[in-house]
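As a plain string of letters, each chain reads:
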Amino acid sequence: MNKPASAENPSRFPLRELVLCVALAAAVLGVYALMGAAYSTRMLVEAACYAILALGLTIQWGYAGQFNAGVMGFVALGGFCAMTFSVPVNEAFWASELPFDLALALLYVVGAIALVWGATRLDRLGVPKRLRTVIAILLALVLYLVVISILRGVTGEIQSRAGFIGGLGLPTGVGWIVGGALAGGVGYFIGHICLGLRSDYLAIATLGIAEIIKAFLKNSDWLTRGTATVSPLPWPTPGPGEVGFVMARSLYLAITVVMIAVIFFLLHRAYHAAWGRTIRAIRDNEVSSAAMGKDVNRRRLQIFVLGCILMGIGGAALTSFNSIFDPQGYLPLNHTFLVLVMVILGGPGNNLGTIIGAVLVYIIWIMSEPLALGLMQLLASLGEGSGWFSGADMQSRALQARVLVIGLLITLVLRFAPKGLLPEKIHHYR
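Quick caveat, the model's predicted, so the values are computed rather than measured. (Residues numbered from 1 in each chain as written. Predicted model: local features only at pLDDT ≥ 70, side-chain atom pairs only at ≥ 80, totals over all residues. Heavy atoms only, no water.)

Visitor: Give a detailed account of the environment of Ala290, specifying residues and quantitative values.
Guide: Structurally, the position occupied by Ala290 is in helix 13 (residues 286-291). The class for Ala290 is partly exposed, based on a relative accessible area of 43%. Through-space distance from the C-alpha of Ala290 to that of Gly191 is 18 Å; in sequence the pair is 99 residues apart. (Helix = DSSP H or I, 4+ residues; strand = E, 2+ residues; numbered from the N terminus. Buried < 20%, exposed > 50% of the residue type's maximum accessible area, 1.4 Å probe, protein only.)

Below, the structure written as structure tokens:
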């Protein structure tokens with residue numbers, strides 16, 4: 001029987017992996033020694049949440065070659081569900097007639113969508129296609145004006161009388177699961193529209209959709225309180241007020257580590273199964289895969305939805321940990337570009353490399369500010385009285401050092417390790 005062979009001996013001692021893990025552990029210990037346990041544990045929890053986001057992106061980009069620049073949108077959807085399902089019930093809303101009015105308005109929305117969809121099928125009744133298109137467009141415009149007027153009236157009443165609809169008061173984990181499901185559902189809808197695009201066109205489309213999601217959440221005060229934010233959000237573990245900051249954050253870290261371990265195990269099994277080989281075959285040569293009878297569109301949609309689910313779960317966990325839902329806080333720099341750097345550094349398609357890259361990049365991202373501030377303070381003290389270095393506005397300058405350091409990091413990685421610290425292991429079968 002023929003056995004798979006690879007460019008690298010599969011039974012080799014994982015020296016590079018071991019060295020990177022030891023170096024990462026040393027970096028974490030250094031942060032603990034420098035910044036203290038409370039600060040460092042918080043950083044590790046956030047890094048773990050970003051690792052889940054990075055795993056979602058690495059299976060889209062590394063497994064299937066899909067460049068998703070809309071990570072921020074799926075993170076926001078996960079955060080929205082974490083807020084909606086965990087925040088206590090708003091009695092001012094549910095004790096009034098407003099839920100019935102809102103349900104009726106939403107029923108009008110569904111009815112309007114059904115009518116427009118029906119208008120697009122009039123050609124089956126013998127209506128000419130051009131006339132069908134005109135009827136559908138005019139009907140959509142009229143129904144939009146009618147429905148939006150009704151919906152604005154109801155939402156205005158909700159804002160003036162109850163503030164916003166509030167939450168459901170359910171366990172935090174429920175919001176995380178629903179957040180992943182909602183992100184996956186939206187990803188399924190987007191995939192049907194955008195997966196026909198390639199490379200930079202897909203990136204532009206997903207980035208635009210992410211901005212639409214953010215704008216909707218930001219301007220829907222009746223649903224999310226908009227710029228007023230919602231806080232505090234409950235944790236799935238005892239809070240700092242009950243067990244102290246370090247213990248509470250350590251318990252939260254334990255949950256995220258277990259989540260990463262489960263996700264890593266499932267992705268590892270899927271990657272080495274027939275499903276994973278099919279996905280990589282489609283990525284490497286889509287035409288050949290289609291000729292072999294593989295359902296290319298279905299497989300590409302599956303991997304896109306799976307990545308979106310992980311982004312939604314990671315976004316929900318991150319929002320709950322920050323204990324605040326702020327639609328304005330979902331920034332492309334933080335929630336898309338930073339995750340992209342993590343995947344590039346770790347190695348697209350390599351799950352272990354992605355996790356290492358996520359933790360390492362987040363440590364660099366967080367620590368670049370205090371280290372830059374310390375360096376500036378040292379220069380200011382050395383140059384005091386000479387005028388060769390101004391110490392004015394050092395805090396703001398140190399914050400901008402993050403962008404400089406990350407930009408320098410990605411430049412060095414692309415120059416000296418374009419496939420990442422742990423490149424994907426390509427197996428050749430013969």
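The rest of the description comes next.
Visitor: With reference to specific residues and values, describe the side chain of Thr354.
Guide: Mapped onto the elements of the fold, Thr354 is located in helix 16 (residues 351-382). The class for Thr354 is buried, based on a relative accessible area of 0%. Within the structure, Thr354 has its side chain in polar contact with the backbone oxygen of Asn350 (distance 2.9 Å). The residues contacting Thr354, other than those within four sequence positions of it, are Ala54, Leu55, Thr58, Val343, Gly346 and Gly347. (Polar contact = N/O pair within 3.5 Å; in protein donor to acceptor, adjacent residues only side chain to side chain. Contact = heavy atoms within 4.5 Å.)

Visitor: Just give me the short version of helix 1 (residues 15-35), but keep the residues and values in it.
Guide: The terminal C-alpha atoms of helix 1, which comprises 21 residues, lie 30 Å apart, in line with the 30 Å expected from a rise of 1.5 Å per residue. Those residues of helix 1 that sit buried are Glu17, Leu20, Leu24, Val28 and Val31. What you see down the axis of helix 1 is that its buried residues fit within an arc of 75°, all on one side. Exposed residues lying more than 90 degrees from the buried face of helix 1 are Leu15, Val22, Leu29, Ala33 and Leu34. Where helix 1 is buried, its residues contact helix 2 (37-64) and helix 16. (Expected span 1.5 Å × (residues − 1). Arc of directions from axis to C-beta.)

Visitor: Lay out the packing of aromatic side chains in plain terms, naming residues and giving numbers.
Guide: A ring pair, where both rings are aromatic, is described by two values, the distance of the centres and the angle of the planes. The final tally for this structure, using the stated rule, is 11 aromatic pairs. Ring centres of Trp176 and Tyr252 lie 6.0 Å apart, and the angle between their planes is 55°; on these two criteria the pair is classed as tilted. Of this pair, Trp176 sits in helix 7 (residues 172-194) while Tyr252 sits in helix 11 (residues 245-271), placing them 76 residues apart in sequence. No difference in accessibility class separates Trp176 from Tyr252, as the two residues are buried. Put simply, the rings of Trp176, Trp235, Tyr252 and Phe321 pair up and form one aromatic cluster. Positioned above the aromatic ring of Tyr271 is the side chain of Arg280, whose terminal nitrogen or guanidinium carbon lies 4.0 Å from the ring centre. The ring of Phe416 carries Arg415 above its face, with NZ or CZ at 4.9 Å from the centroid. (Phe/Tyr/Trp six-rings, centres within 6.5 Å; stacked < 30°, edge-to-face > 60°. Lys NZ or Arg CZ within 6 Å of the ring centre and 35° of its normal.)

Visitor: Break down helix 11 for me, citing the residues and quoting the values.
Guide: Helix length check: helix 11, at 27 residues, gives a terminal C-alpha distance of 38 Å against a target of 39 Å (1.5 Å per residue), a fit within 8%. Buried residues of helix 11: Ala248, Arg249, Tyr252, Leu253, Thr256, Met259, Ile260, Ile263, Leu267 and Tyr271, and no others. Looking at the buried positions of helix 11, the neighbouring elements they touch are helix 2, helix 7, helix 10 (240-243), helix 12 (274-284), helix 14 (296-322) and helix 16.

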